[in-house]
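So the chains spell out like this:
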Amino acid sequence: MVRLIVPVVIGLLFLAVIAGWFWYITWLVRSSIDELAHRRRLLAGVDPLQVTATKAAASVEAAHDAAHRALSLTVESWYDLRESRAVGTSLVERFPKIEERAARDPEFLDVLEDADALLNDARPGADEIDELLGRTARMDELTLRLRTLVHQYDSAGRRGFGRFFPQGRQ
C-alpha cells in the first residue's frame, strides 16, 4: 500500500507544478498584453490619466485667464474712475471722498501696486501648473481685496441698522 501512495503523491506534486507553471505563463502573457495595450493608449494620447491631466491643465489655464481678466478689469476701472472723476456713474458725488481715503491708505496703495506688478509679470509656461495655480489664487485675492477696500471707502461714514437692514444709497 505504501508503494502505491508514493507514486500517487509524486504524481500529484508533478501535476501541481505543471498547473502552477501553466498559471504563471497565463499571467505573464496577460500582463504583457495589458502592458502593450497601455503603451498603445499612451502613444495615442487617450490614456485616462493623460486625459485627466490635460483636462486639469485646461481648467487651471481657464481659471487663470478669468482671474487675470477680473483683476485687470478691476484695476482699469479704478484708473478710469480716477481719470474721469467718476462722471457719468453713480459715484460722481462720493468719488472725491473715496479717492481721498484710498490715497491715504498705504494698504490700498500696496494692493494696487501688487496688482499692477502681477498683471505685468510674464505668465509661467504650460508645464508649471502649480505656479499658474498660485498666480490665479493671488490674482483672485488681490481682486477681492481691491473691491473690498473701495467698498469700505464708499460706505465709510454711513451708518445703517446692521447687516440685515442696510441703509440705502444716498
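Let us look at the structure shown here. Here the structure is a predicted model, which means the values were calculated and not measured.

Rules used in this analysis
Residues numbered from 1 in each chain as written. Predicted model: local features only at pLDDT ≥ 70, side-chain atom pairs only at ≥ 80, totals over all residues. Heavy atoms only, no water. Helix = DSSP H or I, 4+ residues; strand = E, 2+ residues; numbered from the N terminus. Buried < 20%, exposed > 50% of the residue type's maximum accessible area, 1.4 Å probe, protein only. Areas by Shrake-Rupley, 256 points an atom, 1.4 Å probe, with all protein chains shown as cover. Salt bridge = Lys/Arg side-chain N within 4 Å of Asp/Glu carboxyl O. Contact = heavy atoms within 4.5 Å. Core = buried A, V, L, I, M, F, W, Y, C linked by side-chain atoms within 4.5 Å.

Let's shift gears to the overall build of the chain. The number of helices and strands found in the chain is five helices and zero strands. A total of 170 residues make up the chain; the buried ones form 21% of that total. As presented, the chain carries roughly 12,700 Å² of accessible surface, and 64% of it is formed by carbon and sulfur atoms.

In this section: the pattern of salt bridges. Close approach of charged atoms lets side chains of opposite charge pair. Under the criterion given, the structure shown has nine salt bridges. Between Glu 99 and Arg 82 there is a salt bridge, with the nearest N and O atoms lying 3.6 Å from each other. Here Glu 99 is found in helix 3 (residues 95-104), whereas its partner Arg 82 is found in helix 2 (residues 48-84), with 17 residues between them in sequence. Under the relative-accessibility criterion, Glu 99 is labelled buried at 17%. By sharing partners, the salt bridges in this structure join Arg 82, Arg 85 and Glu 99 into a single network.

Let us look at the environment of Val 51. With respect to the element layout, Val 51 can be found in helix 2. With a relative accessible area of 31%, Val 51 lands in the partly exposed category. Aside from chain neighbours lying at most four places away, what touches Val 51 is Gly 45 and Val 46.

Once that is clear, we can look at the nonpolar core. Residues Leu 71, Val 75, Trp 78, Phe 108 and Leu 146 are the most contacted members of the largest nonpolar core, which totals 21 residues. Going through the elements one at a time, helix 2, helix 3, helix 4 (106-120) and helix 5 (129-155) are the ones with two or more residues in this core. A total of six residues in this core trace back to one element, the largest contributor, which is helix 4. Other than its neighbours up to four places away in sequence, Val 75 contacts Leu 112, Ala 115, Asp 116, Leu 119 and Leu 146.

That's the geometry; what it means functionally is another story.
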